[in-house]
Structures are given as structure tokens and as C-alpha cells.
Amino acid sequence: MKRLTVLIRAELEIPDEWELVEHPSGAQVLKIGDQFVDFDIAPLTTRSEEVEAEWSDMDTDLVDAVLDTVVGLDAELEINFRH
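So, here is what we can say about the structure in this document. (Residues numbered from 1 in each chain as written. Predicted model: local features only at pLDDT ≥ 70, side-chain atom pairs only at ≥ 80, totals over all residues. Heavy atoms only, no water.)

### Considerations on the overall build of the chain
Next up, step 1: Summing up its helical and strand segments, the chain has one helix and three strands in all.
Next up, step 2: The linear arrangement of helices and strands in the chain, starting from the amino end, is β-β-β-α.
Next up, step 3: By the compact-globule yardstick of 12 Å for 83 residues, the chain is too spread out, its C-alpha radius of gyration being 16 Å.
Next up, step 4: When each of the 83 residues of the chain is scored for burial, the buried share is 10%.
Next up, step 5: The long-range fraction of contacts in the chain, counting pairs at least 24 apart against all pairs at least 6 apart in sequence, stands at 31%.
Next up, step 6: Just so you have it, the chain exposes about 8200 Å², and 49% of that area is on carbon and sulfur atoms.
Next up, step 7: In the chain, the 6 positive side-chain charges and the 21 negative ones have mean positions that sit 7 Å from each other. (Helix = DSSP H or I, 4+ residues; strand = E, 2+ residues; numbered from the N terminus. Rg over C-alpha atoms; globule rule 2.2 N^0.38 Å. Buried < 20%, exposed > 50% of the residue type's maximum accessible area, 1.4 Å probe, protein only. Contact = heavy atoms within 4.5 Å. Areas by Shrake-Rupley, 256 points an atom, 1.4 Å probe, with all protein chains shown as cover. Lys, Arg positive; Asp, Glu negative; His and termini not counted. Charge placed at Lys NZ, Arg CZ, Asp CG, Glu CD.)

### Focus: the pairing of strand β1 (residues 19-22)
Next up, step 1: Direction of pairing for β1 relative to strand β2 (residues 28-32): antiparallel, over a ladder of four bridges. Bridge pairing in β2 links L20 to L30.
Next up, step 2: Once β1 ends, the chain turns through five residues before running back antiparallel as β2, passing G26 with a positive phi of about 100°. (Pairing = 2+ DSSP bridges.)

### Some thoughts on the pairing of β2
Successive side chains on a regular strand alternate, one facing one side of the sheet and the next facing the other.
Next up, step 1: Pairing of β2 with strand β3 (residues 35-37), which is carried by three bridges, proceeds in the antiparallel orientation. Paired with K31 across the bridge in β3 is F36.

### Thoughts on the pattern of salt bridges
Next up, step 1: Applying the stated criterion across every chain, the model contains one salt bridge.
Next up, step 2: As a salt-bridge pair, E11 and R9 come within 3.9 Å of each other at their nearest N and O atoms. In terms of burial, E11 and R9 fall into one category: exposed. (Salt bridge = Lys/Arg side-chain N within 4 Å of Asp/Glu carboxyl O.)

### A short note on the sheet that holds β2
Within a beta sheet, neighbouring strands are joined by backbone hydrogen bonds and run either parallel or antiparallel to one another.
Next up, step 1: Read from one edge to the other, the open sheet built from three strands follows the order β1-β2-β3, with strand pairing classed as antiparallel. Either end of the sheet is taken by a strand with one partner, and the two such strands are β1 and β3. Strand after strand, the sheet turns through a mean of 45° between neighbouring axes, direction not considered. (Axes fitted to C-alpha atoms, helices over the stretch in contact; angles between N-to-C directions.)

Set out below in C-alpha cells:
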């Protein structure tokens with residue numbers, strides 16, 4: 001068995017009223033209005049070898065097979081203010 005490490009870093013420009021809060025579950029999440037948002041890995045698939053291939057999560061069997069291999073997941077959220 002091999003181990004694959006996937007590092008994903010995304011930067012979002014968010015409205016000032018969105019905030020980071022601690023959810024009652026203990027997770028640090030984004031609060032937008034009365035909803036909480038967390039981030040997770042979302043595998044996308046395609047059968048196409050075209051440059052402009054369309055990627056989706058429609059092949060649920062394959063997506064589920066990939067997700068079943070995840071042994072650990074951690075998301076760090078940080079807000080930086082620009083002046």
C-alpha cells in the first residue's frame with residue numbers, strides 16, 4: 001500500500017461580515033449569516049483526455065472509493081485583514 005499526500009491551499013476574498021467561529025463541535029468554521037461552512041476534500045473525475053475536459057463528482061462509485069481511502073483530514077482557517 002502507498003500513501004498519497006494532497007496539499008490544497010485556497011485563498012478566498014470574503015465579505016467583512018463573514019467570520020471565523022468555533023462551532024459547538026469544536027471545529028473552527030466560517031460563519032455566514034446563520035449557517036456554518038467547513039471545507040473538505042472533494043474528488044472530481046473525468047474520462048476525457050481533452051484539455052478542456054469537464055470534471056465532476058457524478059461518478060459516485062469512484063468518488064466514494066477515493067474518499068474511503070482518506071485516513072486523515074485537517075483544515076486550517078485563517079482570516080488576514082488587508083489595509
